[in-house]
Amino acid sequence: MEYAKLGSSDLNVSRVCLGSMTWGRQNNQQDADQQIEFALNQGVNFIDTAELYAIPPTPDTYGKTESIIGDWFSRNSNRRQEMVLATKIAGSGLPWIREGGPINGEAIIQSVDASLKRLQTDYIDLYQLHWPNRTTPHFGKHWPGHVTFSDDNGKEQTSQMLEILQALSECIKAGKIRHCGLSDDTPWGISTYLKLAQQHDLPKMVSIQNEFSLLCLKDWPYLIEQCIQEEVAYLPWSPLATGVLTGKYANGARPKGSRWSIPQRHGLLRDTDNTHNAVAQYVAIAAELNITPAQLALAWCNQVDGVTSSIIGATSVAQLKEDIDAFDITLDQAALDKIGAVIKQFPVPY
């Protein structure tokens, strides 16, 4: 397993980050225990969760994933030091989470304490904002006209960000969290947080996790360039594009228990003709290389300049093994050229 520095922090994380959002919905405690043990034995030291999980989010599954991880910690407290643990505070919009309110200082303090209790640990290595208070071009909203940026009050948003950083600083000083990061944010968001941190001697955001895959390239090159130059770790989530890059959803298939067989909060926004046409070509390239389509997608993501650690999720140990093995694969230039040709043909398939 290879490791990389987590932005400007003092943490080194595995190039594979174990995602956990299916635990509590598609996976139970025993499944999670097996995945954690297997990942640790393969050298994975980075695990990502959120108060929102399991996914799809519901009042009944809120906090379940953190509780499952906490149950594992309660039985394996001696292994806590082996792991870089990341979790997230949910943003606004869900009535069962702080009555749908925005992230503010009070919400940060309350949520950190609640996550620590569910996780059964004394500290969180990386505490992230799951999504900003403002609307951003994520979850299919990256097409012109889907977000009207001029509707946002920049000064008001900046004031909220300052309050958030001040609360995060309190949590760091109290030893509850070590570092803070972003998720589903933009270059303006990164820049504003970095500027505020410098101006007010507050914690620097050390990472950002955004959707990134062969089918979702909106962060390349501008946001990723900024991450490299500002020492902000870039953490792709859904590098398999919710599983469609495995090829398992071809021809309308919906395997039992798969993510697309479960109603999604944002719908199946990735289910387009262009998506399936692109995936069919990626599947063919993988077959030529004698690797699985999932391994092709993950190996490609791992080789993108600027990527620190890719967040993978699996519903079985067999899937997890397949995914982790992908990070030992190096795609040669001929393979990258074939992949690049498909990207040019389908740069924004959904």
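Our structure's up above, just so we're on the same page.
The paragraphs below set out a description of the structure included in this document. Worth saying up front: this structure is predicted, and the values here are computed from it rather than measured. (Residues numbered from 1 in each chain as written. Predicted model: local features only at pLDDT ≥ 70, side-chain atom pairs only at ≥ 80, totals over all residues. Heavy atoms only, no water.)

Some points on the overall build of the protein chain
The line we're drawing: Runs of H or I in DSSP of at least four residues are treated as helices and runs of E of at least two as strands, each being numbered from the N terminus. The reference for a compact globule is 2.2 Å times residues^0.38; the radius of gyration itself is calculated from the C-alpha atoms. Relative accessibility thresholds used throughout: buried, under 20% of the residue-type maximum; exposed, over 50%; partly exposed, between the two (1.4 Å probe, protein chains only). We call two residues in contact whenever any of their non-hydrogen atoms come within 4.5 Å of each other. Asp and Glu count as negative and Lys and Arg as positive, but His and the ends of the chain are not part of the count. The atoms used to mark charge sites are NZ of Lys, CZ of Arg, CG of Asp and CD of Glu.
Tallying secondary structure elements over the protein chain gives ten helices and ten strands in all. Its C-alpha radius of gyration of 19 Å places the protein chain within 12% of the 20 Å reference for a compact globule of 350 residues. Along the first, second and third principal axes, the C-alpha atoms of the protein chain reach 55 × 50 × 35 Å. Here the protein chain holds 350 residues, and 56% of them are scored as buried. Looking at the protein chain alone, contacts between residues at least 24 apart form 77% of all its contacts between residues at least 6 apart. Distance from the positive charge centre (29 side chains) to the negative charge centre (39 side chains) of the protein chain: 3 Å.

Here's the deal with the packing of aromatic side chains
So the rule is basically this: Each Phe, Tyr or Trp ring (for Trp, its six-membered ring) is paired with any other whose centre lies within 6.5 Å, and the angle between the two planes then decides the class: stacked below 30 degrees, edge-to-face above 60, tilted in between.
Enumeration over the complete set of coordinates arrives at five aromatic pairs. An angle of 65° between the planes, with centres 5.6 Å apart, marks the rings of tryptophan 72 and phenylalanine 73 as edge-to-face. Both residues of the pair, tryptophan 72 and phenylalanine 73, count as buried. Ring centres of phenylalanine 212 and tyrosine 234 lie 5.6 Å apart, and the angle between their planes is 85°; on these two criteria the pair is classed as edge-to-face. Of the two residues, phenylalanine 212 sits in the loop between strand S8 (205–211) and helix H6 (222–230) while tyrosine 234 sits in strand S9 (residues 233–237), which places them 22 residues apart along the sequence. We classify tyrosine 234 as buried; its relative accessible area is 0%.

Description of unusual backbone geometry
Look at the link from tyrosine 53 to alanine 54: it is a cis peptide, with omega at 25°. Note that alanine 54 resides in the loop between strand S4 (46–48) and helix H2 (64–75). Residue proline 221 is reached from tryptophan 220 by a cis peptide bond, and omega for that bond is 5°. Secondary-structure assignment places proline 221 in the loop between S8 and H6. Phi at alanine 241 is positive, roughly 55°, even though this residue is not glycine. Structurally, alanine 241 is set in the loop between S9 and helix H7 (273–289). For alanine 241, a relative accessible area of 0% gives the class buried.

Remarks on the side chain of arginine 15
Stated formally: Salt bridge, as applied in this entry: a Lys or Arg side-chain nitrogen positioned within 4 Å of an Asp or Glu carboxyl oxygen. In the analysis that follows, any N or O atom pair within 3.5 Å is treated as a polar contact, provided that within protein one partner can donate a hydrogen and the other can accept it, and provided that, for residues neighboring in sequence, both atoms belong to side chains.
Mapped onto the secondary structure, arginine 15 falls in the loop between strand S2 (12–14) and strand S3 (16–19). Salt bridges are absent for the buried arginine 15, whose nearest opposite-charge side chain, glutamate 2, sits at 4.8 Å. A distance of 2.6 Å separates the side chain of arginine 15 from the backbone oxygen of asparagine 302, its partner in a polar contact. Look past the residues within four positions of arginine 15 in its chain and what remains in contact with it is Met1, Glu2, Tyr3, Ala4, Asn302, Val307, Thr308, Ser309, Ser310 and Phe327.

A word on helix H4 (residues 154–173)
Just so we agree on the cut-off: What a helix is expected to span follows from its residue count: subtract one and scale by 1.5 Å.
With 20 residues, H4 should reach 28 Å at 1.5 Å per residue; the first-to-last C-alpha distance of 28 Å fits that figure. The set of residues buried in H4 consists of Gln157, Thr158, Met161, Leu162, Ile164, Leu165, Ala167, Leu168, Ser169 and Cys171. Elements that come into contact with the buried residues of H4 comprise helix H3 (105–119), strand S6 (124–129), strand S7 (177–183), helix H5 (187–200) and S8. Regarding H4, its N-cap is asparagine 153, as a side-chain oxygen of that residue lies 3.1 Å from the backbone nitrogen of lysine 155 further along. Phi turns positive, to about 80°, at glycine 175, one or two residues after H4.

A look at the environment of histidine 130
Secondary-structure assignment places histidine 130 in the loop between S6 and H4. The exposure class assigned to histidine 130 is buried, which follows from its relative accessible area of 7%. Excluding its chain neighbours within four sequence positions, the residues that come into contact with histidine 130 are Ala50, Leu52, Tyr53, Lys88, Ile89, Ala90, Gly91, Ser183 and Asp184.

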